[in-house]
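# Commentary on secondary and tertiary structure
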Amino acid sequence: MIRVVLFLLATGSTAAMAGEPWTLHTVDNASRGADGVRLADVDKDGRPDIVTGWEEGGKIRICFQPDASAIRQPWPSIQVGSVKSPEDAVFADVNGDGWLDVVSSCEGKQQAVFFHLNPGHVASRKRTRESAAWKTQVVSASVDYTRWMFCEPLDDRSLIFGSKEPNAQVTLWDLAAPDDHARFRDLRESGWIMSLRRFDVDDDGDDDIVYSDRKGAFRSVGWLENPSTSKPAAWKDHLIGGKDLEVMFLDIAGFDGKLTVACNTRNGYVLLLTPGTNVTEPWNASRIPHPEGVGGGKGIALGDVNNDDQIDLACTCEHADGKVGVYWLSGASTDTTNGDGPQQWDFNDISGKATGIKFDRIELLDLDQDGDLDLLTCEERDNLGVIWYENPAN
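Being a predicted model, the structure only gives us computed values, none of them experimental.

## Thoughts on the nonpolar core
Ranked by size, the top nonpolar core spans 19 residues in total, and within it I288, L313, Y327, L329 and W345 carry the most contacts. Elements that contribute at least two residues to this core include exactly β22 (269-274), β24 (296-303), β25 (312-318), β26 (326-330) and β27 (344-349). Ranked by residues supplied to this core, first place goes to β25 with three residues. V210, I240, I252 and L259 belong to the second largest nonpolar core, which has 18 residues in total.

## Regarding the sheet that holds strand β5 (residues 49-54)
Spatially, β4-β5-β6-β7 is the arrangement adopted by the four strands of the open sheet, whose pairing is antiparallel. Each edge of the open sheet carries a strand with a single partner, namely β4 (38-40) and β7 (77-82). Across the sheet, the mean angle from the axis of one strand to that of its neighbour is 25 degrees, orientation sign disregarded. Alignment of strand β6 (residues 59-63) against β7, held across five bridges, turns out to be antiparallel. Paired with C63 across the two strands is S77, which belongs to β7.

## Quick look at the packing of aromatic side chains
Tallying each qualifying case throughout the model produces eight aromatic pairs. Between F115 and W173 the ring centres are 5.3 Å apart and the planes differ by 80 degrees, which places this aromatic pair in the edge-to-face class. Taken together, the residues F115 in strand β10 (residues 113-117) and W173 in strand β14 (residues 169-174) connect sequence positions 58 residues apart. Given a relative accessible area of 1%, W173 falls into the buried group. Connected via pairs of aromatic rings, a cluster forms that spans F115, Y145, W148, F161, W173 and F184.

## What to know about the pairing of strand β13 (residues 158-164)
Burial analysis of β13 places seven of its seven residues in the buried class, which makes it a mostly covered element. The alternating pattern of β13 places S158, I160, G162 and K164 on one face and L159, F161 and S163 on the opposite face, and all of these are buried. In this sheet, β13 lies alongside strand β12 (residues 147-153) in antiparallel orientation, the contact comprising six bridges. The residue bridging W148 from the neighbouring strand is S163, located in β13. What sits between β12 and β13 in their antiparallel hairpin is a turn of four residues, with R157 showing a positive phi close to 70 degrees. Note: β13 against β14, five bridges, orientation antiparallel. Paired with F161 across the strands is T171, a residue of β14. The turn linking β13 back onto β14 is made up of four residues, and N167 within it adopts a positive phi angle of 60 degrees.

Reading the values: rules and limits
- Residues numbered from 1 in each chain as written.
- Predicted model: local features only at pLDDT ≥ 70, side-chain atom pairs only at ≥ 80, totals over all residues.
- Heavy atoms only, no water.
- Core = buried A, V, L, I, M, F, W, Y, C linked by side-chain atoms within 4.5 Å.
- Buried < 20%, exposed > 50% of the residue type's maximum accessible area, 1.4 Å probe, protein only.
- Helix = DSSP H or I, 4+ residues; strand = E, 2+ residues; numbered from the N terminus.
- Pairing = 2+ DSSP bridges.
- Axes fitted to C-alpha atoms, helices over the stretch in contact; angles between N-to-C directions.
- Phe/Tyr/Trp six-rings, centres within 6.5 Å; stacked < 30°, edge-to-face > 60°.

Printed below as a string of C-alpha cells:
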C-alpha cells in the first residue's frame, strides 16, 4: 500500500533568499537550443567540464571549467560534433583508451546515436581542446531504430539508453560485444523516457537504473535491477510510483541512510518517493504542490542548498514566460512515511521572472568554491544557453 501525504507549500518566506534572485552567469551561448548539462573531467585537469547538445543549432559542445578566479566569465568552449536535433550528450570512454569521449542521442529526423572521439593523448592534454581533432562516428545499429532521448554510462563500460515512441525502450549497449548489432539489448518497453540515473538501489555493489517514463501505458517512476552477471540476463523492472502522472526529470540520493527519489511532474507538484522495508515493492509517496507564479515542472535536484544539514529541492521549469523558471524549496522533511500531518516547504526564488522560458536538468555543485552549492542548468527558448546561478548563502 502506498501512503500518500500532501505537503502544503508556503509561497512566502522571511528568508532573504526567498525574494532575491541569484546572480546569473553565462557559461556558453554560442549556439541555439541548449538541451542538458552533463559533467565529467574530460581534459584531466581535475575540474569537471560540461557537455551539451544544442538541439536547434545541431552542435555538440564542451565547456572546459576554468580556475575559480575566472569561473564567472564565459568558459573556454569548443564544438566536437555536428548532428541533427541532439537531445542529449554525455561523457563516456567508448573506445577504452582512457580518455572520455562524448555520446550524443538524436530524436528528430536523424534518429541515431553518435560517438564523438576524444583525441586526447597522455603526452599532450591540449589535443582535447582542439575542436578539429575530434572525430564523429555514427553507431550503425542505432539508425532509425527509435527516437533516442538520453544515455547513462555505467562503470562497466556499458551504456544505458532511453528513447520515446516509436519503439520506445530502455536499451543496454554493451561496448564489449563484437559489433554494433550485437551490442544492443532492449531491457524495458517504454513510452517516453525522461531520466535515467545509475544508483545502487538494492545495495548489492552494482549499478541499477532509476528511470522516469512520462507517456503511455508504461509511464511511471521505477528502477531496473542489475542482474550482476557477465552473461545476458533480464533486468527486473520494479515500480516505484507515479503511474498516474506525467513524470519529468528525477534525482535520487541517500540521506541519513534513507533513499529519496524526487521527480518533477507536469501535474502541478513534485513527487517524493522513499522505500519501505523492501525496495522492490512500490515506495511511499508524497506530493508537494508547485508554488504560485512558477512555470511547469521540468528538472529537479536534491541537495543542501542553504547549509543547514537538511535536504532541499532545486527545481527548473518550462513554459515560464513571465514566471519564475528556477527556484528551490526548503524547510521540511522528505520522510514520506510521516503521518503527523502536512509539512511546510518554503519557496525561494533563483531566476526571477525577467529571463528564461524553458530550463532543463540541474547539477548542484560549488563552482565558485565558497562552500555552498551553486545551480548549473541550461535554457533553450530565450537562448540563455548553458548558465549557472551563484548561491548567495555564503
